[in-house]
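If you want the building blocks of each chain, they are given just below.
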Amino acid sequence: MEKKELLYEGKAKKLYKTDESGVLWVAYLDQATALNGARKDAVNGKGALNNQITSLIFERLKDEGIPSHFIEKLSETEQSVKSVSIVPLEVVVRNVAAGSFSKRLAIPEGTALAFPIIEFYFKEDRLDDPFINEDHIRVLEIATEEEIAEIKRLAQKVNEALLTIFQKAEIRLIDFKIEVGRDEEGAILLADEISPDTCRLWDMKTQAHLDKDIYRRDLGDLVPVYQEVLQRLAD
Ligand SMILES: Nc1ncnc2c1ncn2[C@@H]1O[C@H](COP(=O)(O)OP(=O)(O)OP(=O)(O)O)[C@@H](O)[C@H]1O
Ligand SMILES: [Mg+2]
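Rules of the game
- Residues numbered from 1 in each chain as written.
- Chains lettered and ligands numbered in written order.
- Predicted model: local features only at pLDDT ≥ 70, side-chain atom pairs only at ≥ 80, totals over all residues.
- Heavy atoms only, no water.
- Helix = DSSP H or I, 4+ residues; strand = E, 2+ residues; numbered from the N terminus.
- Rg over C-alpha atoms; globule rule 2.2 N^0.38 Å.
- Buried < 20%, exposed > 50% of the residue type's maximum accessible area, 1.4 Å probe, protein only.
- Areas by Shrake-Rupley, 256 points an atom, 1.4 Å probe, with all protein chains shown as cover.
- Lys, Arg positive; Asp, Glu negative; His and termini not counted.
- Charge placed at Lys NZ, Arg CZ, Asp CG, Glu CD.
- 1 Å grid on protein atoms, 1.4 Å probe; cavity = no way out; pocket = protein on both sides within 12 Å on 5 of 7 lines; lining within 4 Å.
- Points joined across faces, edges and corners; volume = space filled by probe spheres on them.
- Nonpolar A, V, L, I, M, F, W, Y, C, P; charged D, E, K, R; others polar.
- Axes fitted to C-alpha atoms, helices over the stretch in contact; angles between N-to-C directions.
- Parallel < 35°, antiparallel > 145°, perpendicular 65-115°, else oblique.
- Left-handed = near helix turned anticlockwise from the far one by under 90°.
- Contact = heavy atoms within 4.5 Å.
- Pairing = 2+ DSSP bridges.
- Near = heavy atom within 4 Å.
- Polar contact = N/O pair within 3.5 Å; in protein donor to acceptor, adjacent residues only side chain to side chain.

**Here we look at the overall build of the chain**
1) Next: Within the chain, the secondary structure is distributed over six helices and 14 strands.
2) Next: In summary, the chain has a C-alpha radius of gyration of 17 Å against a globular reference of 18 Å for 235 residues, a match within 12%.
3) Next: With respect to the principal axes defined by its C-alpha atoms, the chain has extents near 50 × 40 × 35 Å.
4) Next: The buried share of the chain, taken over its 235 residues, is 50%.
5) Next: Carbon together with sulfur atoms contributes 50% to the accessible area of the chain, which is approximately 11,800 Å² in total.
6) Next: Across the chain, the mean location of the 32 positive side-chain charges is 3 Å away from that of the 44 negative side-chain charges.

**Quick word on the layout of surface pockets**
1) Next: Reported here for the second largest pocket is a volume of approximately 200 Å³.
2) Next: What lines the second largest pocket is simply R60, D63, E64, E160, A161, T164, I165, K168, A169, R232, L233 and D235.
3) Next: Listing elements by their share of the lining of the second largest pocket, those giving two or more residues are α1 (46–63), α4 (145–168) and α6 (222–234).
4) Next: No other element matches the five residues that α4 contributes to the lining of the second largest pocket.
5) Next: For the lining of the second largest pocket, the residue count by class is four nonpolar, one polar and seven charged.

**Regarding the packing of α1 against α6**
The description of two packed helices rests on the angle between their axes and on the distance between the axes.
1) Next: Where α1 meets α6, the axes come as close as 10 Å, and the angle between the chain directions of the two elements is 25 degrees. By the criterion of interaxial angle, the relationship of α1 to α6 is roughly parallel. Seen from above, α1 lies across α6 with left-handed handedness. Together, K46, L49, N50, Q52, I53, L56, I57 and R60 of α1 and L222, V223, Y226, Q227, V229, L230, L233 and A234 of α6 make up the contact between the two elements.
2) Next: For the contact of α1 with α6, the residue count by class is eleven nonpolar, three polar and two charged.

**Observations regarding the pairing of strand β10 (residues 112–122)**
1) Next: Taken together, the seven bridges between strand β9 (residues 89–96) and β10 define a ladder with antiparallel strand orientation. Directly across from L89, in β10, lies its bridge partner F122.
2) Next: Bridge count between β10 and strand β11 (residues 131–132): two bridges; the pairing is antiparallel. The partner of Y121 across the bridge, within β11, is F131.

**Digging into unusual backbone geometry**
1) Next: The phi angle at L35 is positive, at roughly 55 degrees, despite the residue not being glycine.
2) Next: Mapped onto the fold, L35 is located in the loop between β4 (31–34) and β5 (39–42).
3) Next: Its identity is not glycine, yet E170 carries a phi of approximately 55 degrees, on the positive side.
4) Next: In this fold, E170 is placed in the loop between α4 and β12 (171–182).
5) Next: Look at E170 and you get partly exposed, because its relative accessible area is 37%.

**Here's the deal with the site of ligand 1**
1) Next: The immediate surroundings of ligand 1 are formed by 17 residues, with Y8, K11, A12, K123 and E179 found nearest.
2) Next: One of the side-chain N or O atoms of K13 is found 2.7 Å from an oxygen atom in ligand 1.
3) Next: Within the contact set of ligand 1, an oxygen atom lies 2.6 Å away from a side-chain nitrogen or oxygen of E179.
4) Next: About the coverage of ligand 1: the protein hides 87% of its 600 Å² of free accessible area.
5) Next: Mapped onto the shell around ligand 1, the elements with two or more residues apiece are β2 (13–18) and β7 (78–82).
6) Next: Looking at the shell around ligand 1 residue by residue, the class counts come to seven nonpolar, three polar and seven charged.

That is the geometry; function is a separate question.
Next comes the structure, spelled out in structure tokens:
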């Protein structure tokens with residue numbers, strides 16, 4: 001397979017066309033951002049780590065019967081994926097209170113939730129990705145009622161699988177964000193990435209942050225932490 005023209009340059013990845021129809025080439029970048037890109041730094045080695053972690057996780061999810069865009073890892077920093085039409089939602093699943101949820105509702109970080117909460121944010125940079133509900137999604141024609149139900153089922157399944165995967169690595173899955181897309185037949189597929197950039201991960205014993213909060217909160221160097229996550233997942 002050959003890499004063709006650049007399709008999209010995001011904050012974390014570059015997407016290229018390929019000579020195969022329906023297949024994209026994703027290159028993970030050595031860049032960390034926060035506050036919707038307002039803060040940006042070069043971080044050597046981050047692209048390779050996120051590519052490897054995402055590839056490993058999508059492989060494991062496939063073993064659990066979860067459909068995704070992931071095809072294969074092509075190199076340290078690159079992977080091939082099925083091209084989908086991204087549903088403009090950030091689907092967040094929360095097992096434990098943290099981040100914006102804790103702030104908005106004054107629930108201390110680390111409080112376990114009685115059951116996993118699914119939240120939707122409208123993926124629209126100009127609006128700063130606002131929090132929306134299922135009625136908004138239907139009225140704005142972002143997705144149909146049936147698709148919303150399908151997306152929620154998928155998010156629940158991903159959560160259950162990830163909880164097991166991270167538990168084995170002695171990591172507590174606090175919350176995470178997924179993106180989904182429609183394939184050519186209109187089926188909903190898990191897309192984008194699942195990495196320490198998109199999950200909150202705490203060490204089970206020490207509760208130390210093993211995710212992008214290291215960068216957001218200026219807690220030190222992110223690379224050794226992501227390395228630790230990859231190492232524990234691979235063991
Ligand atoms: N299989 C796919 N097909 C098409 N687009 C995809 C696929 N997987 C992920 N994407 C999109 O590719 C882009 C990935 O780049 P990156 O994560 O760097 O974006 P970003 O800076 O977070 O910006 P955005 O606000 O667009 O998500 C995202 O817009 C994501 O929605
Ligand atoms: Mg992104």
